[in-house]
Amino acid sequence: GAGKFYFTPTTLLDYRIVYSMTKRSSPSQEIDNLQNNVSVGKSWGRKFGARVGYENRIIDDLLSRAISDGFLANFWARPTSRLYLSGTFATRKADAESTLTVLGDESRTRGSAKLRYTYPAWGSIQARWEGRFRRNNELNSSADYNVVSGELNLERARYGHVSVGYSYYVGMFEDRSD
């Protein structure tokens, strides 16, 4: 479910709740997932917008329970009718309250940035960066992942549409356990 409340035409409170259940093949093995998000967003006409929020997740089954809390933020800007910029940032700390797995507590951070230039007569060109970082102190390990990509879209109603894209991925996993 979800709900939105507009304080003003450009300021909004957004709440979302998602519940799901996954059934395993073992008897009495169901995993309940509950996610709550609340955020406040503000836009300044068609030029700029930003949002900040809080996220809570609970993953629960018969034998284990993990709770995570996080912060999220994003923005978008349209300085001209042809140029669009956006970015996101989110961080989350997961606590394994009771679990039979060896994974334990974990922290995750992710971010992205996008720049798109549109030329209405011919199409658009876009550049994007996305990064993720995951750390588990109990296992003394971390994973760092980044991708940089570009995309060119050529559009002519008379001739058709062509999209060309390229992505470069780089990542690192460190296992410093003894």
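Higher on the page you've got the structure.
The following refers to the structure shown. Here the structure is a predicted model, which means the values were calculated and not measured.

1. Digging into the packing of aromatic side chains
Given two aromatic rings, their pairing is described by the distance between the two centres and the angle made by the two planes. Applying the stated rule across the entire model yields four aromatic pairs. Centroid distance Phe5 to Phe7: 5.0 Å. Interplanar angle 85 degrees. Geometry classified as edge-to-face. You can call Phe7 partly exposed: its relative accessible area is 49%. Both rings, one in Trp44 and one in Phe48, keep their centres 5.5 Å apart while their planes meet at 40 degrees; by these two values the pair is tilted. A relative accessible area of 45% means that Trp44 is categorised as partly exposed. Residue classification places Phe48 among the partly exposed positions, given a relative accessible area of 31%.

2. Quick notes on the environment of Gly131
If you trace the backbone, Gly131 turns up in strand E8 (residues 123-136). Every residue in contact with Gly131, bar those within four places of it in the chain, is listed here: Thr109, Arg110, Gly111, Tyr145 and Asn146.

3. Concerning the pairing of strand E9 (residues 141-156)
Sheet analysis places E8 next to E9, joined by 14 bridges and oriented antiparallel. Each residue of the ladder has a partner; that of Glu130, found in E9, is Val147. Here E8 folds back onto E9 in antiparallel fashion, the turn holding four residues, of which Asn140 has a positive phi close to 55 degrees. Of the strand pairs in this sheet, E9 and strand E10 (residues 160-175) are connected by 16 bridges, and their pairing is antiparallel. When the sheet's bridge partners are listed, Ala143 is paired in E10 with Phe173.

4. A word on the pattern of salt bridges
In this structure the tally under the stated criterion is four salt bridges. The partner of Asp14 in a salt bridge is Arg16, and the shortest N-O contact between them spans 2.9 Å. Looking at Asp14, the relative accessible area reads 7%, which means it is buried. Looking at Arg16, the relative accessible area reads 40%, which means it is partly exposed. Between Glu130 and Arg132 there is a salt bridge, with the nearest N and O atoms lying 2.9 Å from each other. Ionic contacts of the salt-bridge type, sharing partners, join the residues Glu55, Arg57 and Arg92 into one network.

Cut-offs and rules
Residues numbered from 1 in each chain as written. Predicted model: local features only at pLDDT ≥ 70, side-chain atom pairs only at ≥ 80, totals over all residues. Heavy atoms only, no water. Phe/Tyr/Trp six-rings, centres within 6.5 Å; stacked < 30°, edge-to-face > 60°. Buried < 20%, exposed > 50% of the residue type's maximum accessible area, 1.4 Å probe, protein only. Helix = DSSP H or I, 4+ residues; strand = E, 2+ residues; numbered from the N terminus. Contact = heavy atoms within 4.5 Å. Pairing = 2+ DSSP bridges. Salt bridge = Lys/Arg side-chain N within 4 Å of Asp/Glu carboxyl O.

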